[in-house]
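Summary of structural features
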Amino acid sequence: MPTLTVDLGNRSYPILLGTAMLAKPQNFLPYIGKGRPLIVTNDRVAPHYLETLRQAVADCHPASLVLPDGESHKTLQTAGLIYDALLEGRFGRDAVLIALGGGVIGDLTGFAAATYQRGIGFIQVPTTLLAQVDSSVGGKTGVNHPLGKNMIGAFHQPLAVIADIDVLGTLPKRELVAGLAEVIKYGLLGDAPFLDWIEHHIDALLALDSAALAEAIQRSCANKARIVGLDERESGPRALLNLGHTFAHAIEAGLGYGAWLHGEAVGAGMCMAADLSCRLGWLSAADRDRAIKLIERAGLPTRLPEQLKPTDFVRLMAHDKKVLAGQLRLVLLKAIGEAVVTRDFEPSKLDETIASYCAPPYAA
Ligand code: NAD
Ligand code: GLY
């Protein structure tokens, strides 16, 4: 399996992807160097993988910290538990945090690494599909605030991302499917050949076929690494990675966070983005239907729950971080594999999409 690089000058780092990765010391030791590792994980992941990783880095005498599982723990308070462990263990600036878990553990641990003693190194060991294809790559770290998700954070790139495909075997199916939304996203936003490939391999991906998963993760990470390399701090093309996300955030906030998984909301959100792109005359009806069909075949929602009302939806979308000077910016599709970030769309067409999706049955 080729190693990918996120090309960011002197902050460049590799993404190592393969099977049996967790057990191999040589995957970790070059990045730990002479540092002192603290493995941060949660009580769901630890019983499966903590011991294997501890053995792999045993020569570096790792400490470990097992946090409670769940998005509700992605808080400053939980970050405080990481600082406590570092301070009580007398870790200095040579500390290297190893984030073993999904996006919640990766974001929390990365945030602690960005802020402990003004910044220490960390390694991402993503264990969900979503984390392997998205959240572990690109250096966005952070925690939630009671008034908003991911509102406290920092850009802090890892020393390396080490992704082991085997760990997806214990992932609940619903989490796997949620991760597929982000895989499909890369095809839709900038890689039409990849979208073709996903259409041909969606059943293999759902069946956890290792070769198919490896290719999907590798091609997803290549897309993400390319875009992050162009625009680390999201002043330009990185915003394309938010295809479907403005709609998704409205769905998640409207239903109450946790009712739908983020990837599920992104699935329905990408359907809405394709629908609006079609209403604007940018995307053909055939391509809109093609996108929606693939999202449906992945097992993701393509409709909204009935309790979301159009007026609530519009209000919730206005809270998105991509609102600039009071104007909503959306990621929309000019074609399959060609997304744009734009505020240049007819608001009445957005209203039509929202009305259509908030009023089942779907009548496009
Ligand atoms: P998660 O971390 O909550 O993991 C989902 C569930 O699967 C959890 O219960 C977890 O403990 C469990 N789990 C993880 N790996 C497992 C395994 N191999 N076997 C069995 N169970 C396993 O959720 P997620 O979807 O990985 O990440 C979502 C988070 O990522 C959100 O907080 C979101 O804001 C963040 N995110 C960040 C970025 C970024 O760029 N930093 C991008 C996208 C999402
Ligand atoms: N998940 C979007 C980004 O990393 O920019």
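Scroll up to find the structure.
Residue numbering note: each chain is counted from 1, following its sequence as written. Following the order in which they are written, the chains are lettered starting with A and the ligands numbered starting with 1. Note on the predicted model: pLDDT of at least 70 is required for a residue's local features to be given, and 80 or more for side-chain atom pairs to be given and counted; whole-chain, interface and lining totals, by contrast, use all residues. Calculated side-chain values reflect all of the structure's heavy atoms, with hydrogen atoms and water omitted.

**Thoughts on the pattern of salt bridges**
The salt bridge criterion pairs a side-chain nitrogen of Lys or Arg with a carboxyl oxygen of Asp or Glu, the two atoms within 4 Å. Under the defined criterion, the tally for this structure stands at 18 salt bridges. In this structure, Lys74 and Asp107 form a salt bridge, with 2.9 Å as the shortest nitrogen-oxygen distance. Of the two residues, Lys74 sits in the loop between strand S4 (63–67) and helix H3 (76–88) while Asp107 sits in helix H4 (residues 103–115), which places them 33 residues apart along the sequence. For every residue, the accessible area obtained with a 1.4 Å probe (protein chains only) is divided by the maximum for its type, and the residue is called buried under 20%, exposed over 50%, and partly exposed between those limits. Looking at Asp107, the relative accessible area reads 13%, which means it is buried. Note that Glu182 is salt-bridged to Lys185, the shortest N-O span being 2.9 Å. On the criterion of helical spacing, the pair formed by Glu182 and Lys185 is a turn pair, its members being three residues apart in helix H6 (residues 173–190). What makes Glu182 buried here is its relative accessible area of 0%. Here a strand is any run of E in DSSP of at least two residues, a helix any run of H or I of at least four, and the numbering for each starts at the N terminus.

**A short note on the side chain of Asn223**
For Asn223, the location among the structural elements is in helix H8 (residues 210–230). Two N or O atoms count as a polar contact when they lie within 3.5 Å, although within protein this holds only if one can serve as hydrogen donor and the other as acceptor, and sequence-adjacent residues are included solely when both atoms are side-chain atoms. Polar contacts involving the side chain of Asn223 include one to the side chain of Arg226, which spans 3.0 Å. In this structure Asn223 touches Tyr186, Gly190, Asp191 and Phe194, once residues within four positions along its chain are discounted. Here, residues are in contact when the closest pair of their heavy atoms is within 4.5 Å.

**Let's talk about unusual backbone geometry**
Trans peptide bonds make up the majority, and among non-glycine residues the majority have a negative phi. For Arg90, which is not glycine, the phi torsion reads 55° and is therefore positive. Within the secondary structure layout, Arg90 lies in the loop between H3 and strand S5 (95–101). The exposure class assigned to Arg90 is exposed, which follows from its relative accessible area of 73%. With phi around 55°, Asn150 is a residue other than glycine that occupies positive phi space. Assignment of secondary structure puts Asn150 in strand S8 (residues 148–155).

**Things to note about the site of ligand 1**
It suffices for a single heavy atom of a residue to lie within 4 Å of a molecule or strand for the residue to be listed as near it. Taken together, 25 residues form the shell around ligand 1, and within it Asp69, Glu71, Thr127, Thr128 and Thr170 come nearest. A distance of 2.8 Å separates an oxygen atom of ligand 1 from a polar side-chain atom of Lys149. Note that an oxygen atom of ligand 1 is positioned 3.3 Å from one of the side-chain N or O atoms of Asn150. Here, Shrake-Rupley sampling with a 1.4 Å probe gives the accessible areas, and only protein chains in the shown set may cover a residue. Protein chains bury 90% of the 860 Å² of accessible surface belonging to ligand 1 in isolation. The set of elements that each furnish at least two residues to the shell around ligand 1 consists of H4, helix H5 (129–135) and S8. In terms of residue class, the shell around ligand 1 is built from seven nonpolar, eight polar and 10 charged. When residue character is reported, Ala, Val, Leu, Ile, Met, Phe, Trp, Tyr, Cys and Pro are called nonpolar, Asp, Glu, Lys and Arg charged, and the others, Gly included, polar.

**A short note on the nonpolar core**
Within the largest apolar cluster, 104 residues are counted, with the highest numbers of intra-cluster contacts made by Ile184 and Phe313. Here Ile184 is in contact with Leu195, Ile198, Met270, Leu294, Ile295, Ala298 and Leu300, once residues within four sequence places are set aside. Grouped together as the second largest cluster of nonpolar side chains are 22 residues, Leu67, Tyr83, Ala95 and Leu97 included. Nonpolar cores are built from buried Ala, Val, Leu, Ile, Met, Phe, Trp, Tyr and Cys residues. Side-chain atoms within 4.5 Å join them into one set.

**Describing the environment of Ile120**
When you line up the elements, Ile120 lands in the loop between H4 and strand S6 (121–126). Each C-alpha atom of the pair Ile120 and Gly258 lies 31 Å from the other, and the pair is 138 residues apart in sequence.

**Brief notes about the site of ligand 2**
The local shell around ligand 2 consists of Asp134, Lys140, Lys224, Glu234, Arg238 and Leu241. With respect to ligand 2, the side chain of Lys140 contributes an N or O atom lying 2.9 Å from an oxygen atom. For ligand 2, whose unbound accessible area comes to 200 Å², protein coverage reaches 87%. Classifying every residue of the shell around ligand 2 gives one nonpolar, no polar and five charged.

**With respect to the sheet that holds strand S1 (residues 4–6)**
Following DSSP output, two strands are said to pair if at least two bridges run between them. Here we have seven strands laid out as an open sheet, ordered S1-S2-S9-S6-S5-S3-S4, and mixed in their pairing. Each of the sheet's edge strands pairs with one partner strand only, and the pair in question is S1 and S4. Strand-to-strand twist in this sheet, taken as the mean axis angle between neighbours without regard to direction, amounts to 20°. Bridge count for S5 against S6 is six bridges, and the pairing is parallel. In the strand pairing of S6, Leu97 is matched with Phe122. Only the contacting stretch of a helix is used when fitting its axis, a line to C-alpha atoms as for every element, and angles between N-to-C directions run 0 to 180 degrees. Most of the contacts of helix H1 (residues 25–32) go to S6, to which it runs at about 160°, and overall it touches strand S2 (13–18), strand S3 (36–42), S5, S6 and strand S9 (160–164). Along the sheet, H4 contacts S3, S4, S5 and S6; its crossing angle with S5, the most-contacted strand, is approximately 165°.

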